[in-house]
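Listed below, chain by chain, are the residues.
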Amino acid sequence: MMNEPSSRLAVSHPLIITASIAMLAVIAFFLPSWLSGFFSTASSTTIAPAAYCSLNQQTCQYEGYQARLGNPDVHPLHANTLTVTAPQALNTDTLLVKLKGVEMNMGEYRLVLKQTDKLTYQGQLMLPVCTEDSMTWAGNITLNADANTLFPIKVRMERL
């Protein structure tokens, strides 16, 4: 009678190891997407494509704010000044820009715009190289500390 529990344990031990390995593989496969959804912020709010203002084509305006590029031609790894002008003084010395590729997932590009005077914020937009000849980046400029006010923008990047 003493040998019976240990023989059952010996038979089920390989089954437990196999099931544990399978569960770990499933968790490892789904964990990144689950975590990205769990930790997503207001910047992942879905905005209709028409709501994005194209910085390559114009100075964009949103609730009194203005955003513009120093040069309408945006090329990968070439700095281009992005300027945001506020309608009134803000209680922050930085604004955050978050962009994601529309045609291709290249992760999230982040840029901090630093205050240059009472109403103006600037930063050097330098997008990464893409395998395609052109690509659209769309996202938001966060206009307040609690990330509730988002200025939707897009930038079309062309290879030289």
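Everything below is about the structure shown above.
This section reports on the structure supplied with the text.

### Section: the sheet that holds strand β6 (residues 108-115)
Working step 1: Spatially, nine strands are ordered β1-β9-β8-β5-β6-β7-β4-β3-β2 in an open sheet, and the strand pairing comes out mixed. Whereas interior strands pair on both sides, the edge strands pair on one side only; in this sheet they are β1 (53-54) and β2 (60-62).
Working step 2: In this sheet, strand β3 (residues 65-69) lies alongside β2 in antiparallel orientation, the contact comprising three bridges. When the bridges of β3 are listed, Cys60 appears paired with Ala67.

### Here we look at the nonpolar core
Working step 1: In this structure, Leu113, Leu127 and Ile141 are the most contacted members of the largest nonpolar core, which totals 29 residues.
Working step 2: Counting residues per element, the ones that place at least two in this core are β3, β4 (80-85), β5 (94-101), β6, β7 (120-125), β8 (134-142) and β9 (150-158).
Working step 3: At four residues, the largest contribution of residues to this core is made by β9.
Working step 4: Once residues within four sequence positions are removed from consideration, Leu127 is found in contact with Val74, Pro76, Leu77, Leu99, Tyr109, Trp137, Val155 and Met157.

### Observations regarding a nonpolar patch on the surface
Working step 1: On the surface, a cluster of nonpolar side chains totalling about 270 Å² of accessible area is made up of Leu77, Met126 and Val129.
Working step 2: Turning to its location among the elements, Leu77 is positioned in the loop between β3 and β4.

### Concerning the environment of Gly101
Working step 1: Of note, Gly101 is situated in strand β5.
Working step 2: With 29 residues separating them in the primary sequence, Gly101 and Cys130 have C-alpha atoms 9.7 Å apart.

### Considerations on the state of the cysteines
Working step 1: For the coordinates displayed, the defined rule picks out one disulfide.
Working step 2: Paired through a disulfide, Cys53 and Cys60 show a sulfur-sulfur distance of 2.0 Å. Since a negative S-S torsion denotes a left-handed disulfide, the Cys53-Cys60 link at about -90° is left-handed. Cys60 matches Cys53 in its accessibility class, with the two residues each being buried.

### Things to note about the packing of aromatic side chains
Working step 1: Across all of its chains, the model carries two aromatic pairs by this definition.
Working step 2: Summarising the aromatic geometry, the rings of Tyr62 and Phe151 are spaced 5.3 Å apart at their centres and angled 25° between planes, so their arrangement reads as stacked. Pair noted here: Tyr62 is in strand β2 and Phe151 is in strand β9, with a separation of 89 residues, a long-range link.
Working step 3: A relative accessible area of 24% means that Tyr62 is categorised as partly exposed.
Working step 4: Since its relative accessible area comes to 1%, Phe151 is described here as buried.
Working step 5: Ring geometry for Tyr109 versus Trp137: centroids 6.5 Å apart, planes at 65°, classification edge-to-face. Here Tyr109, found in strand β6, pairs with Trp137, found in strand β8; they are 28 residues apart in sequence, far enough to count as distant. Residue Tyr109 shares its accessibility class with Trp137, and that shared class is buried.

### Considering the pairing of β8
Working step 1: Most of β8 sits out of view: eight of its nine residues are buried.
Working step 2: Relative to β8, β5 runs antiparallel, the two being bridged by six bridges. Across the sheet, Lys98 pairs through a bridge with Asn140, a residue of β8.
Working step 3: As defined by bridge partners, β8 adjoins β9 across nine bridges and the pair is classed as antiparallel. Its bridge partner being in β9, Ile141 is matched across the sheet by Phe151.

Thresholds, definitions, all that
Residues numbered from 1 in each chain as written. Predicted model: local features only at pLDDT ≥ 70, side-chain atom pairs only at ≥ 80, totals over all residues. Heavy atoms only, no water. Pairing = 2+ DSSP bridges. Helix = DSSP H or I, 4+ residues; strand = E, 2+ residues; numbered from the N terminus. Core = buried A, V, L, I, M, F, W, Y, C linked by side-chain atoms within 4.5 Å. Buried < 20%, exposed > 50% of the residue type's maximum accessible area, 1.4 Å probe, protein only. Contact = heavy atoms within 4.5 Å. Patch = residues over 30% accessible without salt bridge, like charges linked within 9 Å, V, L, I, M, F, W, Y side chains within 5 Å. Areas by Shrake-Rupley, 256 points an atom, 1.4 Å probe, with all protein chains shown as cover. Salt bridge = Lys/Arg side-chain N within 4 Å of Asp/Glu carboxyl O. Disulfide = S-S within 2.5 Å. Phe/Tyr/Trp six-rings, centres within 6.5 Å; stacked < 30°, edge-to-face > 60°.

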